[in-house]
Amino acid sequence: MDLIPYGKQQITDEDIQTVVNVLKSNFLTQGPKIFEFEEAFAKYIGCNYAVAVSNGTAALHLSVLALDLISGEKVITTPITFAASANCIKYSNGEVVFSDIDPNSYLLDIKKVRSLLENAPKGTYSGIIPVDFAGRAINLEELKVLADEYNLWIIEDACHAPGGYFIDSTGKKQYCGNGKFADLAIFSFHPVKHITTGEGGMITTNSKELYERLLFLRTHGITRKTQIFKNSQEFAFGEIGFNDNEWPGWYMEMQELGYNYRLTDFQAALGISQLNRAIEGVNKRRLISKKYFEAFNGKTYVKRQSGEIEGHAYHLYIIEVENRLGLYNYLKQNNIHAQVHYIPCHLMPYYQQFGWKKGDLPIAEKYYNGCISLPMYPTLTNDEQNFVIDKIEEFYNA
Ligand SMILES: Cc1ncc(COP(=O)(O)O)c(C=O)c1O
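The following paragraphs examine the structure supplied in this document.

With 19 residues, helix α10 (residues 278-296) should reach 27 Å at 1.5 Å per residue; the first-to-last C-alpha distance of 27 Å fits that figure. Of the residues making up α10, those classed as buried are A278, G281, V282, R285, I288, S289, Y292 and F296. With its buried residues spanning 120 degrees around the axis, α10 presents them on a single face. Opposite the buried face of α10, at more than 90 degrees from it, the exposed residues are I279, E280 and L287. Summarising the contacts, the buried residues of α10 are in contact with α2 (32-45), α9 (265-275), β12 (302-305), β13 (317-321), β14 (371-374) and α14 (382-397). G298 sits one or two positions beyond α10 and adopts a positive phi of about 85 degrees.

The seven strands lie next to each other as β1-β9-β8-β5-β4-β2-β3, forming an open sheet whose pairing is mixed. Each edge of the sheet is formed by a strand with only one pairing partner; in this case those strands are β1 (49-53) and β3 (95-98). Strand-to-strand twist across the sheet, computed as the mean angle between neighbouring axes with direction ignored, equals 25 degrees. Here strand β5 (residues 153-157) pairs with strand β8 (residues 184-188) via three bridges, running parallel. Residue pairing for β8: E156 is matched across the bridge by A185. Along the sheet, α2 makes contact with β1, β8 and β9 (201-205), crossing β1 at roughly 130 degrees. This element, helix α4 (residues 84-91), spans β2 (74-77), β3, β4 (125-129) and β5 of the sheet and lies at about 150 degrees to β3.

Attention shifts here to helix α7 (residues 208-218). The complete set of buried residues in α7 reads L210, Y211, L214, F216, L217 and R218. Check the buried side of α7 and you find it contacts α2, β1, α3 (56-66), β8, β9 and β10 (222-223). Remark: H220 follows α7 within two positions and exhibits a positive phi of approximately 65 degrees.

Here we take up the packing of aromatic side chains. Under the defined criterion, the tally for this structure stands at 26 aromatic pairs. Taking 4.5 Å as the distance between ring centres and 5 degrees as the angle between the ring planes, the aromatic pair formed by Y301 and Y396 counts as stacked. Taken as a pair, Y301 in the loop between α10 and β12 and Y396 in helix α14 lie far apart in primary sequence, 95 residues in all. In this structure, Y301 and Y396 share a single accessibility class: buried.

About the thresholds
Residues numbered from 1 in each chain as written. Predicted model: local features only at pLDDT ≥ 70, side-chain atom pairs only at ≥ 80, totals over all residues. Heavy atoms only, no water. Helix = DSSP H or I, 4+ residues; strand = E, 2+ residues; numbered from the N terminus. Expected span 1.5 Å × (residues − 1). Buried < 20%, exposed > 50% of the residue type's maximum accessible area, 1.4 Å probe, protein only. Arc of directions from axis to C-beta. Contact = heavy atoms within 4.5 Å. Pairing = 2+ DSSP bridges. Axes fitted to C-alpha atoms, helices over the stretch in contact; angles between N-to-C directions. Phe/Tyr/Trp six-rings, centres within 6.5 Å; stacked < 30°, edge-to-face > 60°.

Function cannot be inferred from these measures alone, as they are strictly geometric.
Below you can see the structure in the form of structure tokens.
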């Protein structure tokens, strides 16, 4: 068997052709493909606005900036996520407060978040960054009730879950990133994710105000909108003279410290092409998960597995096992590169310097000791998946 990784991109001839077309066009960046990708993505997710950025981490950074997170403010997030979900809080010198996960869903335990909030004076926390970890949508309707009670903003880290949803209290599907409950949601287009642009990311929202702020921060805090210029027209024209009809064409203002977090047009073109297969990709992931679920259901060596969950987007298929290290090594010997998601963030040496230590979040730590993510991507063949399942069975039956 060729190498079977835990995640892999799919690039078709059509994807390649759309990228080549842009490479031959006038715009490599800041051209028409960006807006086209943003519109198509917003439509797919079911929100009003989308802002394309250079990666998911940039999306998180711009989100905390747009929500005015300031030094010393506390934000709650999960320890079972990629470090970027927490790091964005540190970019603004905020304080990261990790709250433990639910042992069944692996998501931030909303009851524990409530207890954190109830046990601190009101105003202690300014926001929450829940993560739709592995592709499972967190119940944002419930979280929003808490957020409103304590005046918190929500940034939904939906990197793992485009196409995922939860069922709300009225029985309706609420898609990840649709902006109904969270102020902002973010996505990543890294090659292991549902759709890829190489590197890339997106922020979605229903707020026009936040949307405009994000566009501004994405490009150095520079604006070309005459209505909001702060300097005078006399200044803008320079020494030569002042024509009172119009602002000169070159004139723009940098009004705030922003960044260059732009996506290129050829990446956006790849994103548009990939998005055409997004639904198909989620459906394939759900079929793969069903097969894993059936293969491991009732097996004593699997203590818990991702299972068949409605609305799960299955970025990852996770099983919890005894002797995870042995299994990992055995799979590797057989050219199957499983992975572990994640080493709890609070135990990263960087976060330990702020006082986090082993034992602080026991459920996340216990989960970490047994979890392993199995190969999961739309092009995984039946034979490859059977091989993975057989090797796992073989390891535990030896
Ligand atoms: C949950 C989560 N958040 C944020 C990110 C950061 O995205 P990127 O790698 O595009 O910067 C990732 C990517 O791995 C992720 O998995």
